[in-house]
Number of protein chains: 2
Amino acid sequence: MTAEAGRTFVNEGDSADNFFNITSGTARLFKSLPDGRRQITGFAGRGHFLGLAVSNSYAFSAEAIEPVQYCRFSRIKLRQMLDDFPALEKRLLEVASNELVAAQEQMLLLGRKTARERVASFLLSRKLETAACISTTPHVHLPMTRSDIADYLGLTIETVSRTLTSLKADKLIGIPHPAEIVVLNQTGLAAQAGGYN
Amino acid sequence: MTAEAGRTFVNEGDSADNFFNITSGTARLFKSLPDGRRQITGFAGRGHFLGLAVSNSYAFSAEAIEPVQYCRFSRIKLRQMLDDFPALEKRLLEVASNELVAAQEQMLLLGRKTARERVASFLLSRKLETAACISTTPHVHLPMTRSDIADYLGLTIETVSRTLTSLKADKLIGIPHPAEIVVLNQTGLAAQAGGYN
DNA sequence: CGATGAATTGAAACTTGTCAACGGCAGTGG
DNA sequence: CCACTGCCGTTGACAAGTTTCAATTCATCG
């Protein structure tokens, strides 16, 4: 199946009938408050599983940033597969554990890091992810908008923009294009990120 | 096994050799930054599983707030048990999924809610947890200090204290004792919590 | 080339944090 | 039995980081 950019294919609160596996593209996962405030809990790329929710309804929404291709299984089908292939269950547990660790790291970021530390941490984690595909490029590609970054880091667009500008002024990064960041000084950037990453 | 109050029985970064199941008491789970800033990612009570980390080292620390009793299994023993009882794997996946949903809710709180909304949300979720034991009491017991609450909500002790005082002034809660809160107006409190909870 | 939405930049306002003082309660020891 | 001590929680005044509001610039695309 495929979802064009901007398309919401999982809706917070809807009956959790399906289970997804993203095969290409990027999606934002988020929760919303009644007044429209939004918290992006993560970005899901190639290989990401969605819909682990145990309860009857999804706890988050998912929206394509870039065109997303995915496989969709009904919950019933998933149960069948779990019974047929016990290894899958092990794999899912592993995936869930990894996400839990990532979520805890993000809680630390949201609860205790400054704006500068958040943005630096974000760039570094993105760089790691990019490096997994292309070996060691200093380039980081940001498929999401500033608004997405802000909602992921618990900041406003303006603060994200100002912070990037400031990091650029300090020669830690370059910004050839809003969606393209170059890490000029990885060590220096890491020093601004607060933690060890 | 047992851990007296204040005892750290899981240390962030240590080799993740063991797996825990808490049988009584309450522990705080947290991550720290090099300069001492701390984010409590959750409070673990009776029945809680600890140590799901897939990597070789714990991603968080755990410290007893009240005296804690727990069962401890080596990772090897856990693997054995998982092989012998496939149902356990299903259960763990369920547990991990639940924690993931809770973590996402907490990210929303940390990234997008105001201090007042955070404290109100915290009291309500605590009340739910208390209600699970004792039926419908308006009383909420807080075994943790203000410092713990602050580090859980991404605030300072002072802000937590002020906010509680303010909620009391608005007749939404009563504070007979620092560790004992009475919810006087649940609906009103929920309205201050931002979300649906 | 003009239009539209995204990103940047500036100034002012506000929420929360910081620093400091005070009060209360518990445990200790004279 | 009562001062003493230390920790925890509360309160106040002020500072600071981030948000809000507004204007401008920049990219993309028909």
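All of these numbers come straight from a predicted model, not from anything done at the bench.

Novice: Honestly, the overall build of chain A in this entry has me stumped. Any pointers?
Specialist: For chain A, the helix and strand inventory stands at six helices and 11 strands. Relative to the 2.2 N^0.38 estimate, which gives 16 Å for 197 residues, the radius of gyration of chain A is 18 Å and therefore close to what a compact globule would have. Expressed as a percentage of its 197 residues, the buried residues of chain A come to 50%. Put simply, of all contacts in chain A between residues at least 6 apart along the chain, 67% involve residues at least 24 apart.

Novice: How do you make sense of the protein's contact with DNA strand C when you look at a structure like this?
Specialist: Around DNA strand C, the surrounding shell holds 15 residues, and the nearest of these are Arg146(A), Arg162(A), Thr165(A), Ala115(B) and Thr159(B). Interatomic distance of 3.0 Å between a side-chain N/O atom of Glu158(B) and a base nitrogen of DNA strand C. Listing elements by their share of the surface near DNA strand C, those giving two or more residues are α5 (157-169) of chain A together with α5 (157-169) of chain B. With four residues, α5(A) is the largest single contributor of residues to the surface near DNA strand C. For the surface near DNA strand C, the residue count by class is three nonpolar, seven polar and five charged.

Novice: For this particular structure, what's the right way to read the packing of helix α1 (residues 75-84) of chain A against helix α2 (residues 86-112) of chain A?
Specialist: All names here are of chain A. In contact at an axis separation of 4 Å, α1 and α2 are set at 110 degrees when each is read in the N-to-C sense. If you check the angle between α1 and α2, you find them roughly perpendicular. Packed against α1, whose contacting residues are Leu 78, Met 81, Leu 82, Asp 83 and Asp 84, the element α2 presents Pro 86, Leu 88, Glu 89 and Leu 92 at the interface. Considering only residue class, the contact of α1 with α2 consists of six nonpolar, no polar and three charged.

Novice: Got a minute to help me understand the pattern of salt bridges in this structure?
Specialist: Pairs can form between side chains of opposite charge whenever their charged atoms are close. Enumeration over the complete set of coordinates arrives at 30 salt bridges over all chains. Ionic pairing is found between Asp151(A) and Arg38(A), a salt bridge with its closest N-O pair at 2.6 Å. Of this pair, Asp151(A) sits in helix α4 (residues 146-153) while Arg38(A) sits in strand β5 (residues 38-44); the two residues are 113 residues apart in sequence, bridging distant segments of the chain. The buried category is assigned to Asp151(A), whose relative accessible area is 13%. Its salt-bridge partner being Asp148(B), residue Arg38(B) comes within 2.9 Å of it at the nearest N-O pair. Pair noted here: Arg38(B) is in strand β5 (residues 38-44) and Asp148(B) is in helix α4 (residues 146-153), with a separation of 110 residues, a long-range link. When its relative accessible area of 14% is taken as the criterion, Arg38(B) is described as buried. For Asp148(B), a relative accessible area of 2% gives the class buried. In this structure, a network of salt bridges that share partners links the residues Arg28(A), Arg38(A), Glu63(A), Asp148(A), Asp151(A) and Arg112(B).

Novice: Is there a simple way to think about the environment of Leu153(B) in this case?
Specialist: Residues and elements named next belong to chain B. As for its position among the elements, Leu 153 is in helix α4. Residues Leu 153 and Met 107 lie 46 residues apart in sequence; the distance between their C-alpha atoms is 9.9 Å. The contact partners of Leu 153, leaving out residues within four places of it in the chain, are Leu 109, Leu 110, Arg 118, Val 119 and Phe 122.

Novice: Is there a simple way to explain the pairing of strand β7 (residues 61-64) of chain B in this structure?
Specialist: The two faces of the sheet receive side chains in turn, since in a regular strand these alternate between them. Residues and elements named next belong to chain B. Along β7, one buried face is formed by Ser 61 and Glu 63 and the opposite face, lined by Ala 62 and Ala 64, is buried too. Direction of pairing for strand β2 (residues 8-10) relative to β7: antiparallel, over a ladder of two bridges. Residue Val 10 lies in a different strand from β7, and its bridge partner there is Ala 62. Note: strand β4 (residues 27-32) against β7, four bridges, orientation antiparallel. Residue pairing in the sheet places Leu 29 in a bridge with Ala 62 of β7.

Novice: Teacher, can you tell me more about the packing of aromatic side chains here?
Specialist: All names here are of chain A. Here the structure, examined in full by the defined rule, presents 14 aromatic pairs over all chains. Ring geometry for Phe 20 against Tyr 70: centres 5.3 Å apart, planes inclined by 75 degrees, an arrangement best described as edge-to-face. Highlighted residues: Phe 20 in strand β3 (residues 18-24) and Tyr 70 in strand β8 (residues 68-74), separated in sequence by 50 residues. In terms of burial, Phe 20 and Tyr 70 fall into one category: buried. Members of the aromatic cluster, joined through ring pairs, are Phe 9, Phe 20 and Tyr 70.

Novice: Looking at this structure, how should I read the relation of the copies chain A and chain B?
Specialist: There are two copies of the chain, and a rotation about an axis plus a shift along that axis relates them. Overlaying chain A with chain B gives an RMSD of 0.0 Å, the required rotation being 180 degrees about an axis along which the chain moves by 0.0 Å. Interpreted geometrically, this transformation is the action of a two-fold axis. Interface overlap between copies is the fraction of interface residues in one copy that are interface residues in the other; for chain A against chain B it reaches 100%, indicating a shared surface.

Novice: I keep staring at the protein's contact with DNA strand D and nothing clicks. Help me out?
Specialist: Of all residues adjacent to DNA strand D, which total 16 residues, the nearest are Ala115(A), Thr159(A), Arg162(A), Arg146(B) and Thr165(B). Sugar and phosphate atoms form 63% of the subset of DNA strand D atoms that lie within 4 Å of the protein. Take Thr156(A): an N or O atom from its side chain is 3.3 Å from a phosphate oxygen of DNA strand D. Contributing elements (two or more residues each) for the surface near DNA strand D: α5 of chain A together with α5 of chain B.

Parameters at a glance
- Residues numbered from 1 in each chain as written.
- Chains lettered and ligands numbered in written order.
- Predicted model: local features only at pLDDT ≥ 70, side-chain atom pairs only at ≥ 80, totals over all residues.
- Heavy atoms only, no water.
- Helix = DSSP H or I, 4+ residues; strand = E, 2+ residues; numbered from the N terminus.
- Rg over C-alpha atoms; globule rule 2.2 N^0.38 Å.
- Buried < 20%, exposed > 50% of the residue type's maximum accessible area, 1.4 Å probe, protein only.
- Contact = heavy atoms within 4.5 Å.
- Near = heavy atom within 4 Å.
- Polar contact = N/O pair within 3.5 Å; in protein donor to acceptor, adjacent residues only side chain to side chain.
- Nonpolar A, V, L, I, M, F, W, Y, C, P; charged D, E, K, R; others polar.
- Axes fitted to C-alpha atoms, helices over the stretch in contact; angles between N-to-C directions.
- Parallel < 35°, antiparallel > 145°, perpendicular 65-115°, else oblique.
- Salt bridge = Lys/Arg side-chain N within 4 Å of Asp/Glu carboxyl O.
- Pairing = 2+ DSSP bridges.
- Phe/Tyr/Trp six-rings, centres within 6.5 Å; stacked < 30°, edge-to-face > 60°.
- Least-squares fit on C-alpha atoms with pLDDT ≥ 70 in both.

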